[in-house]
Structure formats: C-alpha cells, structure tokens
Amino acid sequence: MYTTSSLFLHSLAQVGITHAFVNWGSDHPSLLEDLERQRVDHGDTVVEIITCPNEMVALSAAQAFVQVTNTPAAVIVHVDVGTQASVALAGAVHNASRAKVPILVFAGASPSTVEGELKGSRNEWIHWMQDVPDQPAIVRQYMRFTAQINTPENVPHLVRRALQIATSEPKGPVYLWARREVAFNRAMRTPSLSRGRNWRCPSSRKQPLIITSYIGRNPAAVAALEMLSRLMAIPIFVTCPSATNVSISHPFFVGVSFLSPGTHTPLLSTADVIIIIDAEVPWIPMNKDNQGNFERPSDNARIFLIDSGDPLKETIGMEHVAGVAELVCRASADVMLYQLLNSGRTGSATGFYARSKSIQAMHDAFIANMRDAETLASEPNVPYVPSRIFGALRMAVGNKVPHPASTLYLNETISSYPTSWSHLHPDTPGGMLSSGGSSLGWALGAGIGAVLGGVNAGKGAGKVGYELVVSVVGDGTFLFGAPSSAFWMARRYETPFLTIVLNNGGWKSPKLSMMGVHPEGHGSRATGNRLTVGFGPVMPDYVGIAVAATGGWAWGKRVAAGDPLWETMTEAVRVVVEERRCAIVESSTLSSTVRWDLPLFTVTWDDTTPLRMRIRCIMAAQAAGPLRGPVVLSFDVLRVRSTLSHRALTLSELQWLKHQLVAA
C-alpha cells in the first residue's frame, strides 16, 4: 500500500534529490516503513538515506553536499525538538540561509487524534509533550517557504513548489511538515519517477496564446503587447484583471474570464505556445468546459511565464503555473516585449493570415454578443440585467466625456466582475482599476483617492484631473466600504465621483460559491434570506445613506424594473461632470420581493421565432441564471415541447439548448 510517505519520498527523487540526511523520531514510522518496502520490492531506496545522530551535523552535511554538487538535498528531523536542534540552538539553518543553499527540511509533528480514530494516532506520552502551537514558527524567519502537508493528493505539487522556490534566487532552505496520521494516509496514485511534462517541440508553432491579468499597471507595456499581438497574430485573453490590459477594439483581444467553469477561451487547450505575462491565475486546473473537457493547456504546449515582480508567487501558499512552465523569469513587461519586438524574430509568423482571420472573427463575435446583451428588451416587471446596466452606463459616460482618458472606472462588482470588465472595458490603458485583491470595501474610498490623485498627477485629456471617476459596486461591497465615512469625506474634500450600486439583494458571492460546490443541493433552491446571505426583505436605502452622509449634497436615484435606465445614467453623469457633486444610482437586479426562488427571466418561443431571436433569448437566460436566479423557458423546437420552470438552468443545460437552437 502506498501512503503519503511513499509519495513524499518519490517526489524528492522526482525533483532531483538523491540524498536525505536524517535524524529519526516517533513522527517517522510511515517513512521508515515505506523505505523498507522499497528495499524489499526494488532492492534499494529511491533516495539514499544518511543517518545523522545530531541535527546540526545533518544540516551542515547537507549544506556542504549542496555546495559541492550544486544539487539540492533533503534533511529530515524530528518534530519541534529536532527543528530546534538544527535551527534555534545549533544555528545550522542560519548558515544555510545566509549561504543561499537550497535544502528541503522536513519534520513530522505530533498526531492530532488521541482515541485511535486514524492510523498513527497518539500512543506515546511524548506526543503530548512535543505538540507545540506553531512548529514552523521556529524556522520561518530563515526559510524561503514553509508549508504543511495535509493530504497525499497534493504532495508532488507541494514538494515541487518548495524546491522551485528553494532553487530560485534568492536561494535557500525550505520547510515542510506533516502530522503523523497524515503520513500514514493511503495514496490513491502510484508513485512514479516521471519528471514532469514531456516537452515535444514541433518545427513550427501555429496556435500561440497570450494571457495577462495586470500588464495594464505598466502603460508602456500595453502598446508593446498590442504591437506584438498584431505583428504575429497572437490572441490576447485576460484572466482575473485588475487593470485595463488591452484596448477593447484590438482585433486580437478575444475575451475576459474570472475562471468560472466553462468560461475560459477554447484557445487554451489547443494552444501550442502560451505566453503568460503579469498574470494572477491563468487557469484553474480542475475546471472543465461544457463538454466535460479540462480547461487547461495540453501536455505538449510550451509555456513561458514572465512576471515583473513575483513569477513564483512566493507570497501564495500553493501555485500551479510555474511548475509546468518551460521558462519562468522576472522581467519588466515593457522591456521584455520591446526586446522581443526588436529581436527581428517577430515577422513571418507561421499561419499568420489564416490565424489572423480566425482570431478577428472571435473578437468580432465577442463584441457582438456583448452589444446584443446590452440591447435585450426586458420583460415587464423584470429588473435590468447587469449587461443592460453597464451598457447604459458606458453610453452615458461616452456621450458626456468623449475622451476615454478623462474617465476612470473603479470596479468592485465581485459577482458581476466578468460582465463589468467586458461591458465597461475602456479603450485606453489604465481606464479601469480594481483593488487587485479580494478584501471588499475598496471602491468608495478609492473614489476619493482617485479624484485627488488624478489632479495631483495631471490625469485626463486636459492634464488637470479626471473629468469623471466612476465606482461600480455591489450592495455588499457598498456596505463594506463604510459609505457614511466615504461620502462625508467626498463632501468635505470636494472629490465628486459617481457610484453605481448593483442591488443583488445581499451577498451574492457566498451563494455563488455554494452553488459551485452544491449546484443541485438544498441551498440552490433557498432564498437569500433563508441562507442568511440576503439583506431583505427590508432593504437598506443605499441612495439615502450617501445623501444623508453629505448633508443633502449628493444626488441619487434608484432604478427598478421599468424605470428609465439610460436617462438616469445620463443625469447622474451630468451631475458629477457639470455640478461637481457626488451622484449615486442604485439599480436593482432582483425582484422587489427579493425572492431567489422565483423566476427572474421568462422566455417563450415557437417554431416561427427567428433563429437570431432564439440565440438572444438564450444569451439573456445565461445572463440571468443559473446563479442569479431561476429561469423559465418555454419552447417548441425540433417537435419537442418542454417547459423548464421554477429552478435555475445549469450552464450545461443552457449550452445544450443553444446547440439545439443552432441545429434547428
């Protein structure tokens, strides 16, 4: 039987470690058992074991081994006391850290179970004596990386990540630890000595792809990115953006995703070269598209990772991209791109003309689908969908402030991020920003700082500051932003900005997270209030909060189903630009009863309905559900009459229905 210990030892061999300098203890029974299994089954162990009666000697020997061979080594020590003996008392880890020597230090830890619930539970008195509150704290200040092994499933990933950080500048020791029961856990995979991806390099590369998230923080890099894309017909896809990275009009810009399943570009799985430049999370390995295929690169794709600050994402515990990249480097994006452009190797790209036509068609479809979604007519008493709201806002802003450099959007819509980043996407670098993190409550205070900073830095077409700053938030993020304080400050310091509040009826994102794990569970049919994520039935007066905090100075209006949307947006923009006052528009995206178990969108058609209208109906249904609320679709297609009602259609059902309509 293979265990966590089996995978750990084989993973050491996979990353090139040949020697482990060890001092055994009561936390290592599973390691000792697996080493003997290896001797019985194979005649030897995958890693040579060097027994060391003292931890100072073990780590010193490992350090010299690495210094002589220029290959990493492992040290295995015993719980907290072995960690102290090699670190706090003896000081060997100080030497390894200062000498920048890559060594993987592993320590076991006392079991966490006491009644025999798991194999390896506490059965010796010392297990109580050696259980300290924070074992890694003993070594953390000397280590480049520390992590706990909690399950056998990710041991290979964790070992590879630790060694990648240990062997990257500044090199140094890393520390992994695991409780004794975890080391006994049965592994579902068989240990293998495979050393990772099998790089096969075709003579020509015909399907390149660029992925970025925040290259737009460096405006000089955006021009170079767009130039390279045009010269070589390389599509640009944006994941989890925190800045405007490419012009919406760029012919090879093919979309935006916040990596919900089924939303990544299909180009990801077919690309043979992927260039990742300043990206947060380029893909999520476990995600699948609507046909059940993984949304991740093929095994034969060549992956190049360039990041201006932290290519290994060393401040994040687990990261998956650097481990599969052929090249990982830290470089300023604009310098790197212009060097590539000036290298003389960007011309005569293989398949340029065919690829450029195909990518241009994808871009055109991306834009057309957005514009169609913005013009869909709402049913009576049905709230506006976010795409309509963002379309009206963008047009109102464009009419009043025609120069894109004079408007700045601050985006904290969270559950509406994919829609807002697509529909509001400015056609200028730096035209939209987000907090860059996941802590909510940024956008209102950011509106004040952006107005002040715009004047100070000479932003805008006239170099005197932005004409208009727009903070777009959900109702949850609005409350997180301490609106009474924020709007009082805006009045005090005369920093007018426009706020758009999407009233989702509460915290929409927690329900989305629940639906991602339990799409058909009990909670999928519950109201927001029943789930305790709703703010109803009596909703806060978001407009009233802003107006009251400013003593009546701010202008505000609430837009519900059937209210004039474009006219309201136009007036709000005018108030900020001409009267230099704050304006706030609250737009409800839910019914007035805030019932998440009632239909939010109803569409009916028959065989006489034009195909284009059918497709637009499906797009509307996708915008309204499945996560915003249930969708009712009544249709008579291909002689099959059916009604799906009082529940949310899953994304796969909507995709199937779209395919049936196209076939019809």
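Reading the values: the criteria
Residues numbered from 1 in each chain as written. Predicted model: local features only at pLDDT ≥ 70, side-chain atom pairs only at ≥ 80, totals over all residues. Heavy atoms only, no water. Helix = DSSP H or I, 4+ residues; strand = E, 2+ residues; numbered from the N terminus. Buried < 20%, exposed > 50% of the residue type's maximum accessible area, 1.4 Å probe, protein only. Contact = heavy atoms within 4.5 Å. Areas by Shrake-Rupley, 256 points an atom, 1.4 Å probe, with all protein chains shown as cover. Arc of directions from axis to C-beta. Pairing = 2+ DSSP bridges. Axes fitted to C-alpha atoms, helices over the stretch in contact; angles between N-to-C directions. Phe/Tyr/Trp six-rings, centres within 6.5 Å; stacked < 30°, edge-to-face > 60°. Lys NZ or Arg CZ within 6 Å of the ring centre and 35° of its normal. Expected span 1.5 Å × (residues − 1).

Caption draft 1: Region of the structure containing the overall build of the chain. What the chain contains, in helices and strands, is 22 helices and 21 strands. By residue count, 52% of the 664 residues in the chain fall in the buried class. Sequence-distant contacts, at least 24 apart, represent 75% of the contacts inside the chain between residues at least 6 apart. Surface accessibility of the chain: about 28800 Å² in total, with carbon and sulfur atoms responsible for 55%.

Caption draft 2: Representation of unusual backbone geometry within the structure. With omega at -5 degrees, the peptide bond leading from Glu169 into Pro170 counts as cis. Here Pro170 is to be found in the loop between α7 (155-166) and β6 (174-179). In this structure, Val79 is a non-glycine residue whose phi angle is positive, near 35 degrees. Here Val79 lies in helix α4 (residues 79-89). A positive phi angle is found at Ala482, which is not glycine, with a value near 50 degrees. Within the secondary structure, Ala482 sits in the loop between α16 (475-480) and α17 (483-492). On the accessibility criterion, Ala482 (37% relative accessible area) is partly exposed.

Caption draft 3: Up close: helix α19 (residues 542-549). Among all positions in α19, only Tyr542, Val543, Ala546 and Ala549 are buried. Buried residues along α19 cover an arc of 140 degrees about the axis, so they all sit on one side. The elements touched by buried residues of α19 are α16, α17, β16 (498-503), β17 (555-559) and β18 (583-588). In the segment just after α19, Gly551 is the residue with positive phi, at about 65 degrees.

Caption draft 4: Layout of the sheet that holds strand β4 (residues 103-109). Across the sheet, six strands lie side by side as β2-β1-β3-β4-β6-β5; this open sheet has parallel pairing. Two strands bound the open sheet, and with one partner strand each, they are β2 (48-51) and β5 (146-148). When strand polarity is set aside, the average angle formed by the axes of neighbouring strands in this sheet is 20 degrees. Taken together, the five bridges between strand β3 (residues 73-77) and β4 define a ladder with parallel strand orientation. Across the sheet, Ala74 pairs through a bridge with Leu104, a residue of β4. Strands β1 (19-22), β3 and β4 of the sheet are contacted by helix α3 (residues 55-69), whose axis makes an angle of about 175 degrees with β3. Helix-sheet contacts for α7 involve β4, β5 and β6, and the interaxial angle to β6 is about 160 degrees.

Caption draft 5: The sheet that holds β16, seen in detail. Ordered by their spatial adjacency, six strands build an open sheet running β14-β13-β15-β16-β18-β17, and the pairing between neighbours is parallel. Every other strand in the sheet has two partners, leaving β14 (432-433) and β17 as the edge strands with one partner each. Where β17 lies against β18, five bridges are found, and the strand directions are parallel. Bridge pairing in β18 places Val559 opposite Ser587. Sheet contacts for helix α20 (residues 565-579): β15 (468-474), β16, β17 and β18; angle to β17, the most-contacted strand, approximately 165 degrees.

Caption draft 6: Structural context of the packing of aromatic side chains. Per the stated rule, a full pass over the model turns up 10 aromatic pairs. For the pair Phe478 and Tyr542, a centre-to-centre distance of 5.4 Å together with 85 degrees between the ring planes defines the contact as edge-to-face. Placement of the pair is Phe478 in helix α16 and Tyr542 in helix α19, with a sequence separation of 64 residues. Residue Phe478 shares its accessibility class with Tyr542, and that shared class is buried. Aromatic ring contacts, followed pair by pair, group Phe478, Phe487, Phe497 and Tyr542 into a single cluster. Across the ring face of Trp128, the terminal group of Arg122 is positioned such that the distance to the ring centre comes to 5.1 Å.

Caption draft 7: Region of interest: the environment of Leu502. Looking at the secondary structure, you find Leu502 in strand β16. With residues up to four places along the chain from it excluded, the contact list for Leu502 reads Ile389, Phe390, Thr413, Ser416, Val473, Gly474, Asp475 and Ser587.

Caption draft 8: Summary view of helix α9 (residues 219-232). Here α9 is 14 residues long and its end C-alpha atoms lie 21 Å apart, about the 20 Å a rise of 1.5 Å per residue gives. Every buried residue of α9 is listed here: Ala221, Val222, Ala224, Leu225, Glu226, Leu228, Ser229 and Met232. In this structure, the buried residues of α9 make contact with β7 (208-212), β8 (236-239), β10 (273-277), α11 (333-341) and α12 (352-375). Looking at the residues trailing α9, positive phi occurs at Ala233, about 55 degrees.

Caption draft 9: Broad picture of the pairing of strand β13 (residues 407-412). In terms of burial, β13 is a largely internal element, six of the six residues being buried. Neither face of β13 is exposed, since Thr407, Tyr409 and Asn411 on one face and Leu408, Leu410 and Glu412 on the opposite face are all buried. Where β13 meets β15, six bridges bridge the pair, whose relative direction is parallel. Counterpart to Tyr409 in the pairing with β15 is Val470. Taken together, the two bridges between β13 and β14 define a ladder with parallel strand orientation.

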